[in-house]
Amino acid sequence: MEKKLLILSLLYFCFYCIGQEIKIPDNFSEHSIPKVESKEWFTLNHSKDCYAVKKENNRLIIEKTSYYKEDSELETEYGKLIGKNKGEWGGALYFRPKGDEKKTIKVKFGNVVDIFRYQNKIYFTEGSGIWGSLYELKKDLTYREIETFGDALEALTVFNDIIYIVSHHGFYKVVNKEAITIFREQFWRSLYPNSVVVFDEENIFIGMRSGIVKLNLIKKTVNFYREKKL
């Protein structure tokens, strides 16, 4: 019995060390990464095509989406949290008490990007332009800043108790409330990342304008994929 458990443990370890083989949909193909502000990059920046990524049954799903990100919302036992991001026109974090939908409390002014649960607490991200922050929200609707970033935060996901964040031109991990910079000054600057999914450290995908990106945090590689045109 012990021998079987040891073999299973070794197989599990090898599987995650080597990494899964995540299939990218057949209608996407790899393209060279353009230099920022080059002719090719401006073509991507002005494209009307925008893609979001998600994970279903351990498969990568890519869907067309809108350039404009919807409000972020989170239901709690006391009511609903609503985050608005209006870019240069500002935004805010609001709370709507349960049973009193006509009442709305402004918790904080600022462009709120995501609201999410993490380690039995509620967090939210905020930012625009050249900065962003991660906050913890208390039950009394007060908040405290956990980390600051020299970059606007765009989208995040939680995987294996780690927060993965894609920003305007970078990528971060937050481990034990400490931000670790993985990539900076990447080509997706102004391509407006909107979503991120993590299968393992070698298979991380970002949805954005004009295509998707695959990150490998072990090998520190970045690959860019675009939809094939008929």
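Residues numbered from 1 in each chain as written. Predicted model: local features only at pLDDT ≥ 70, side-chain atom pairs only at ≥ 80, totals over all residues. Heavy atoms only, no water.

K.L.:
For the environment of Thr 142, give the residues involved together with the corresponding values.
P.N.:
Counting through the fold element by element, Thr 142 comes out in the loop between β10 (131-137) and β11 (143-149). Separated by 34 residues in the primary sequence, Thr 142 and Lys 108 have C-alpha atoms spaced 8.9 Å apart. Leaving out residues up to four positions away in the same chain, Thr 142 has contacts with Glu 136 and Leu 137. (Helix = DSSP H or I, 4+ residues; strand = E, 2+ residues; numbered from the N terminus. Contact = heavy atoms within 4.5 Å.)

K.L.:
Describe the packing of aromatic side chains, with residues and values.
P.N.:
A full pass over the atoms with the stated rule returns 12 aromatic pairs. Measuring from ring centre to ring centre gives 5.7 Å for Tyr 118 and Tyr 123, while their planes differ by 70 degrees; the resulting arrangement is edge-to-face. Assessed through its relative accessible area of 2%, Tyr 123 is described here as buried. Seen from their ring centres, Phe 124 and Tyr 143 are 6.2 Å apart, and the 80 degrees between their planes marks the pair as edge-to-face. Of this pair, Phe 124 sits in strand β9 (residues 121-128) while Tyr 143 sits in strand β11, and the two are 19 residues apart along the sequence. Through a chain of ring-to-ring contacts, the aromatic side chains of Phe 116, Tyr 118 and Tyr 123 assemble into a single cluster. (Phe/Tyr/Trp six-rings, centres within 6.5 Å; stacked < 30°, edge-to-face > 60°. Buried < 20%, exposed > 50% of the residue type's maximum accessible area, 1.4 Å probe, protein only.)

K.L.:
Any chance you could break down the layout of surface pockets for me, citing the residues and the numbers?
P.N.:
Space inside the second largest pocket adds up to approximately 430 Å³. Considering the residues around the second largest pocket, the lining is formed by 15 residues, among which Ala 52, Thr 65, Lys 69, Asn 194 and Ser 195 are closest to the centre. Among the elements of the structure, β2 (51-56), β12 (153-159) and β16 (195-200) are those that each provide at least two residues to the lining of the second largest pocket. No other element matches β16, which puts three residues into the lining of the second largest pocket. Each residue belonging to the lining of the second largest pocket can be placed in one class, and the counts come to eight nonpolar, four polar and three charged. (1 Å grid on protein atoms, 1.4 Å probe; cavity = no way out; pocket = protein on both sides within 12 Å on 5 of 7 lines; lining within 4 Å. Points joined across faces, edges and corners; volume = space filled by probe spheres on them. Nonpolar A, V, L, I, M, F, W, Y, C, P; charged D, E, K, R; others polar.)

K.L.:
So what's going on with the pattern of salt bridges? Residues and values would help.
P.N.:
Applying the stated criterion to the full structure yields 16 salt bridges. With a closest N to O distance of 2.9 Å, Asp 49 and Lys 229 form a salt bridge. With Asp 49 in the loop between α2 (39-45) and β2 and Lys 229 in the segment after β19 (221-227), the pair connects residues that are 180 residues apart, well separated along the chain. Judged by relative accessible area, Lys 229 falls into the exposed class, the value being 57%. Across the pair Asp 151 and Arg 184 runs a salt bridge whose closest N-O atoms are separated by 4.0 Å. Of this pair, Asp 151 sits in the loop between β11 and β12 while Arg 184 sits in the loop between β15 (178-183) and β16, and the two are 33 residues apart along the sequence. For Asp 151, a relative accessible area of 1% corresponds to the buried category. A relative accessible area of 35% means that Arg 184 is categorised as partly exposed. (Salt bridge = Lys/Arg side-chain N within 4 Å of Asp/Glu carboxyl O.)

K.L.:
How would you sum up the confidence of the model for the protein chain? Please name residues and give values.
P.N.:
For the protein chain, the mean per-residue pLDDT works out to 89, and 90% of the residues sit at or above 70. Here residues 4-17 scores under 50 on pLDDT; set against residues more than four positions off or in separate chains, the count is two contacts. (pLDDT = per-residue confidence, 0-100.)

K.L.:
Can you tell me about empty space enclosed by the protein, naming the residues and giving the values?
P.N.:
A complete count under the given rule lists one cavity of 30 Å³ or more for this structure. The computed volume of the largest cavity comes to approximately 30 Å³. Forming the boundary of the largest cavity are Asp 49, Tyr 51, Ser 210, Arg 226, Glu 227 and Lys 229. Classifying every residue of the lining of the largest cavity gives one nonpolar, one polar and four charged.

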